[in-house]
Structure formats: C-alpha cells, structure tokens
Amino acid sequence: MNQAAAPISQSDDIVAIRGLRKSYSTLEVLKGIDISVKRGEVVVILGPSGSGKSTMLRCVNFLENFDQGTITVEGRPVGYKMVNGTRRPVSEVDNASLRQHVGMVFQSYNLFPHRTVLQNVMMGPVKVKGMDNSKARDIAMKLLAKVGMEHKADAYPGRLSGGQQQRVAIARALAMEPSVMLFDEVTSALDPELVGEVLKVMRELAEEGMTMIVVTHEMGFARGVADRVVFMDGGVVVEQGPPEEIMTNPQTDRFRGFLSRHLSHEG
Amino acid sequence: MFPVLQSNLPYLLQGAVYTVILSAIVVSCGTALGVGIGVLASVGGAILRSIITAYIFLFRGVPVLVIMFLGFYSFPALGLRLDAYTAVAISMIVYVGAFVAEATRGAIAGVPTGQTEAAKSLGMRKGKMMREIVLPQAMRLVIAPVLNISLMAIKQTSYASIVGAWELSFAAREVVERTLAAFQIFLGVMLIYFIICYPLSLAARALDKRLAFDS
Amino acid sequence: MDAFVIFFTRYLPAFADGFLITAGVAALAAPAALIWAIVLIIPRLAQWTWASRLVDAYVEVMRNSPLLVQMYLLYFGLPLLGLFWSSIVCGVIAIASQHGAFLSEILRSGIQSLSQRQWEAGSAIGMRRFAVIRLVILPQAFIKVLPALGNQLIVLVKDTSLVSAIGVMDLTLTGKMTIERSGASFEAFIAVAFFYLILTSTLGLVLRIIEVRAARRYG
C-alpha cells in the first residue's frame, strides 16, 4: 500500500482516513476512501443513501470493522495496527480508550432510558474516566445549559421530544471532551419542526472551534456551517471542497444531480 | 361443614409451610443461577455458549419429574447421602435455572444495539457496559417471564411428593389414604395452593399487560 | 461404554413401551385440551356474562393449583362417586382440563389483540355473530398465537409424566423402575431424557414448520 509510505506526521490532522475499504460478503460498500480532517475543521459528508457515508463514519470510532486501509485519530491507529508487517486488531482496551476521544451522536439518539438526563451526561466522566460525582455533575450541568436542557436534568429520556433527546445526546458526547465529534444523520429521525433546535446547537459547536464530521441531508447546514463538503457516492469520494465552490459549481454529473434533487426538496 | 378437612387442616398447613419454603428456595436460587448463566451465555466464548445452549435444551425438553428422579437417585450413586427434600430442591433449582437462563438470554438480546453502541462510543469496556447499560435494561424485561416461571415452579414443587419429599401434596395423600375423603382434602389443598399462587399470578398478569402497553 | 450398550439392549423394549404410552397420552390429551380450550372461550365470544364469569373462575383455579393435585382429585375422587375409570383416562382428563384453561387464555389474548375492525368487517358483509367468530376471528387468532400455543403444547407433553404418579407405566415410571431394578441411574436418565427430547423436539419442529407456513401464507 502506497499510503503506508506517506508520513503520518501532519500534526494538525485530527482524523486521517487512508485507503479505507470495506465489504459485506460480496458487496463492497467502501472502495478506497481518503479523507483527512484538521483541527477545528467542520467536514460535512453528503451523499445518497447507500453511498457508504454512515458506514465510513462508523469506522472512525470502530463501531464497524474494515478490511483495508488505515484510520488514525490524533495519530493513534483505529481498530488495527501493524505488528511485524501484519495487520492485527487492537485490543478491546485500546478501542475503548480511543473512543474516549471520539464523540458520537446517533440518528436514534440512543440515550440510556433507565437513567435521567443528568445521569446520561455524567455516565461517561464518572463510569469511564472515574471522575468524582460532584465534579462530573458541574460539567454535566454546564453542558446541559449549553444545549438548553438544564431544566430537564432530572427527567427521564422517554419523557422528552426527539429534538430534546438529541440535544442531550450531544451533551453526553461532549462530556468526554472529545477531540472530534461524529454526527450520524442526527436530524433524520426528527419531526421537521424539531430539526432547527438541534442544528442550532451544532452550529454553535462549530463556531466554538469543535472538530466535527457530520453526515447529513441538511443542505442548508452544509452550505452555512461546513468548512469542507465531501460528496460520496457508490463507496467513493466523488468531489470535495469548500461548500461555496462545489455546491454552486459541481464538477460531476452525480453531484449536480444529487444537489438538484435535494435543493428542490428544500425549496 | 367439612369435618375431615377441618380436623386435618393443621397438618395440611404444616405441609403448606414446607411447600412455601421449598418454593422460596427453588425460586430464589433458580433465578440467581439462571440470571448468572444467561449473562454468561451473552458474554462468554463459543464453547461456553454451546455448553449453556445444551444445558437449556436438555432441561427445558425433559419433564421436571424426570429431573427430580435423576437428582433423587444419582446423588446416592455419587456417594452423597441427601434427603429427598434437598435432592428435590437441587434438581428444581437446576431446572428453573434453565428456564430463567433462556429468559435472561432473550432479554439481553432484546436490549437495542443502539444502547451498546452508545456505551461503546463513550469509551466503555465490555464488563462495565454489561453492568451499567445492558443488565439494568434487560432485568426489567426479565421480571415478567421470571414471575411466570416462578408460578410454574411453585406448582411443580408438588411433584416432590412423588419422589418422597414431604410437603403439602404428600401430606394431602397421607390424609386421603387414612380418611378416604378425597374431595374435601384435595379441593381444600387446591385452595391452599391457590392462596399461595394467586398474588404472584396477579402480579405476572399486571406486568404482562404493562409491558404490552409500553411496546 | 460396554455397560451402556448392555444396559440399552436389555432395557430398550421397556423404554419403547414407555415411550409409546407417553406419546399416546400426549396424543389423546393435546387435541382434548385444544377442543376444551375452544369450548371455554365460547361464552366470552357469545357475550354470555354469567357463563364467562364461571369460565374465568375455572381458569384462575386451574392456573393457580398444581396439575398433580387435580389428577389425584380425579383418580381418588371418582371411585367415591362409583366411577372406576382407568388411570390413563383420569390422567388425560386432568391434563386436558388444566391445559385447556391455559390454551384458552392464550387464544383469548389472541382474540383481544385483533382489532374491532375485523368484527365490523365481518358484520358489515352480513355475517351472523357465530359466522364471524368461526370464519374471521378464530382463524386469525390461531395464527397470531401459534408460537404461544406451541410452547404450551410442549409443556403439555412434559406434563404427561405426571400420569406415572397414578401408576401409568409411561416413560417416566419406566425410568424409575429401571433405576430401581438396575441401579444405573445415569443410564436410565439418559434413555428417558433422550426419548422425551425426541418427543418435545419433534413437536417443536413441526410447530415451527406450521408457524413458518402460516406466516408465509397470511403474514
């Protein structure tokens, strides 16, 4: 692999994906993906469903395994490492410790239903980092205030709207002080009137300089917030660049078609 | 009105005490064993899992009475002298354990994958994830089936009388053999069992209904 | 290993007899229990208030008392009424009456889960109430609760072992006698368990096939 020869020294790359390939039996869903994300950068991944964008994102914190290529987060290998020239899976401990630095927000929120909002946000710091309760509580309350959910700290997730749950899920991921946040179609399951409140939180995060990789269908968010837009289709990166350039002047028919279908939807 | 039942009631109630004690031991130990095995089946390796699958298949596919006979006759064969009551208790614990293990395994599998993915994303390791996220949710799902299994087990403690362990059903047969008042005694004994079982049966049904509503 | 072979060749005929008795008791009790279950839900479907309450009470008693005691009641009680029925008959009646109650509960939950629309649809095309029940409600309820019915039937097969307590020479009693005669408790247990597993797994398999077929046709 020629990528292996390239220096991994670019220290401002928080996430570096090189030659990522993955198949489900005979179906290849990722056909060699190269994406790097710099500190403070907001990268929005666009693409039709089935383009492999969510799978790619889930590889970054190793919720999905992959067949070829490398992913590093702050220079640390994700999932596999080379030992004497052979590719070996890293230990469960290493995976867990790496994931502490990668925040993830899911389409279906995945809050812990048996814990209150506050306990959900405290879960990471207390149970993973071993922080003491009072300190974790302070951090959690600050984050809940930031996402506008401090008034529901003692509620159980089941009582919240989808938008509220998703904002709590963002706070829960932030509580680990991750170096990068992954957003996996986080507004797709929401009623249209609740999308705005979640996007607002994400926009604020971006403005604060959080490094983010966002898989979404929200064209407005891509155009307004992204530093870079990556268009994926059929398991490859088709186009990438600053949104004002590539979204106004797409170079490929595939991206042009995608944009016209989606922008016409939004009116 | 029922002279034979009345005069033998104290004796029968004494039997009922043995039934309740046996039930309590079997249900509590069987549940603990079953939950433990169910958890092991969910975290263990392939070999452990297939051993547990075989255990569940065997004990769920064979009548409890046969398991009792096995317990009753094979402990002495191994050189252990146990009384019938203990042999029955051990056999039933292992039997109930298989049912609870199956229910636990199902409940753990029933916790959505999104939950474990969220836990992993926080950097949680397997053991902690099991303790903090999966088990608390699975245990809720397991309460209703465990109540139904307990109900089954309480009624099955009566089979202990067949292998010679003295409890309510054994006492009932003794009284009937002496007095021949089969209707009075057996109907009375059914009533005693009913009183023991009914609260549990109500709880199981209420829970079933509530879970049906939740989903 | 030799001990096993000798044991099995010696006692196989006895186990085969026991197996046939157990299978026979199950083959009598299972259909009887199903028919009894359907009879038990009629009052509710027909909305006969008093009869349904009586059925409810009966079901509660059956659910909350042991089959063994019910069997004893018949076996030791009927002769006092001048009815000298064989122990197999007593056993089958006891099993059918308890499992009929359980099966009727299962059927009832299936019927309750069907929406009111099915009733209305049936009535709308001019069916009489009993025609709706027979042609619309029962078939659908049956399909819905097939897995639960199947599990209950497997429990029924295992419960046939209780007839050994009133002297029927079934698989369980054969096992017990063999242990007492030969002292080979493990060998006897393995043989008995093996035959029961054949019965319960075959039944489980057949039920699974029926389930899959039904799901394919109506799902």
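Criteria and cut-off values
Within every chain, residues take consecutive numbers counted from 1 along the sequence as written. Naming scheme: in the order in which they are written, chains are lettered from A and ligands are numbered from 1. Owing to the predicted nature of the model, reporting of local features is limited to residues with pLDDT of at least 70; listing and counting of side-chain atom pairs is limited to 80 or more, with chain, interface and lining totals taken over all residues. To obtain the side-chain values, all non-hydrogen atoms of the structure were included, while hydrogens and water were left out. UniProt positions are given in the numbering used here, feature names are shortened, and annotations may be inferred rather than shown by experiment. Here, residues are in contact when the closest pair of their heavy atoms is within 4.5 Å. By convention, the term buried area covers the 1.4 Å-probe accessible surface removed from two parts as they join, with the contributions of both added. Criterion for a salt bridge: a side-chain nitrogen of Lys or Arg within 4 Å of a carboxyl oxygen of Asp or Glu. Any N or O atom pair separated by 3.5 Å or less is treated as a polar contact, with the protein-specific requirement of one donor-capable and one acceptor-capable atom, and with residues adjacent in sequence counted only for side-chain atom pairs. A run of H or I in DSSP becomes a helix once it reaches four residues, and a run of E becomes a strand once it reaches two; helices and strands are each numbered from the N terminus. Each residue gets one of three labels, nonpolar for Ala, Val, Leu, Ile, Met, Phe, Trp, Tyr, Cys and Pro, charged for Asp, Glu, Lys and Arg, and polar for the others, Gly among them. In this analysis, strands are considered paired if DSSP registers two or more bridges between them. Fitting a line to C-alpha atoms yields each axis, with helices limited to the stretch in contact; the angle taken between N-to-C directions then spans 0 to 180 degrees.

An unreviewed UniProt entry annotates chain C as Cysteine ABC transporter permease originating from Sinorhizobium glycinis. Recorded in UniProt under Sequence similarities (unreviewed entry), the annotation for chain C is "Belongs to the binding-protein-dependent transport system permease family. HisMQ subfamily."

Per an unreviewed UniProt entry, chain A carries the name Polar amino acid transport system ATP-binding protein and comes from Agrobacterium tumefaciens. As its UniProt record puts it under Sequence similarities (unreviewed entry), chain A is described as follows: "Belongs to the ABC transporter superfamily."

How would you summarise the interface of chain C and chain B if you had to cite specific residues and measurements?
Counting residues at the interface gives 40 residues for chain C and 39 residues for chain B. For the pair chain C and chain B, the summed buried surface comes to about 3,600 Å²; carbon and sulfur atoms form 74% of the total. With its nearest N and O atoms 3.4 Å apart, the salt bridge here joins E105 of chain C to R205 of chain B. Here chain C and chain B share eleven residue pairs in polar contact (both at pLDDT 80 or more) between them. Elements that contribute at least two residues to the side of chain C that touches chain B include exactly α2 (49-63), α3 (67-77), α4 (87-113), α7 (146-159), α8 (171-182) and α9 (185-218) of chain C. The dominant element in the side of chain C that touches chain B, judged by the number of residues it contributes, is α9 of chain C, at nine residues. Considered class by class, the residues forming the side of chain C that touches chain B number 22 nonpolar, eleven polar and seven charged.

Quick rundown of the sheet that holds strand β2 (residues 27-38) of chain A? Include the residues and the values.
Residues and elements named next belong to chain A. Spatially, four strands are ordered β2-β1-β4-β5 in an open sheet, and the strand pairing comes out antiparallel. In the strand order of this sheet, the two ends are held by β2 and β5 (76-77), each with one partner. Pairing of strand β4 (residues 68-73) with β5 involves two bridges; the strand directions are antiparallel. Residue pairing across strands places V73 opposite R76, the latter belonging to β5.

Requested: an account of the interface of chain A and chain B, with residues and values cited.
The interface is formed by 23 residues belonging to chain A together with 18 residues belonging to chain B. Contact with chain B buries surface across chain A, with E92, H114 and K127 of chain A losing the most and accounting together for 29% of the total. Taken together, the links from chain A to chain B amount to four salt bridges. Among the ionic pairs, K127 of chain A bridges to E132 of chain B, the shortest N-O distance being 3.4 Å. Of all elements in the fold, only α3 (92-99), β8 (102-105) and α4 (117-128) of chain A reach the threshold of two or more residues within the side of chain A that touches chain B. Here the residues of the side of chain A that touches chain B are counted per class, giving twelve nonpolar, five polar and six charged.

Please give an account of the sheet that holds strand β12 (residues 236-241) of chain A that cites residues and values.
Residue and element names in this part refer to chain A. An order of β8-β9-β10-β3-β11-β12 is seen for the six strands of this open sheet, with the pairing classed as mixed. The two strands at the open ends of the sheet, each matched to only one other strand, are β8 and β12. On average, each strand axis in the sheet is tilted by 20° relative to the strand beside it, whichever way the strands run. As judged from the four bridges shared by strand β3 (residues 42-46) and strand β11 (residues 228-233), these two strands associate in the parallel manner. Its bridge partner being in β11, L46 is matched across the sheet by F231.

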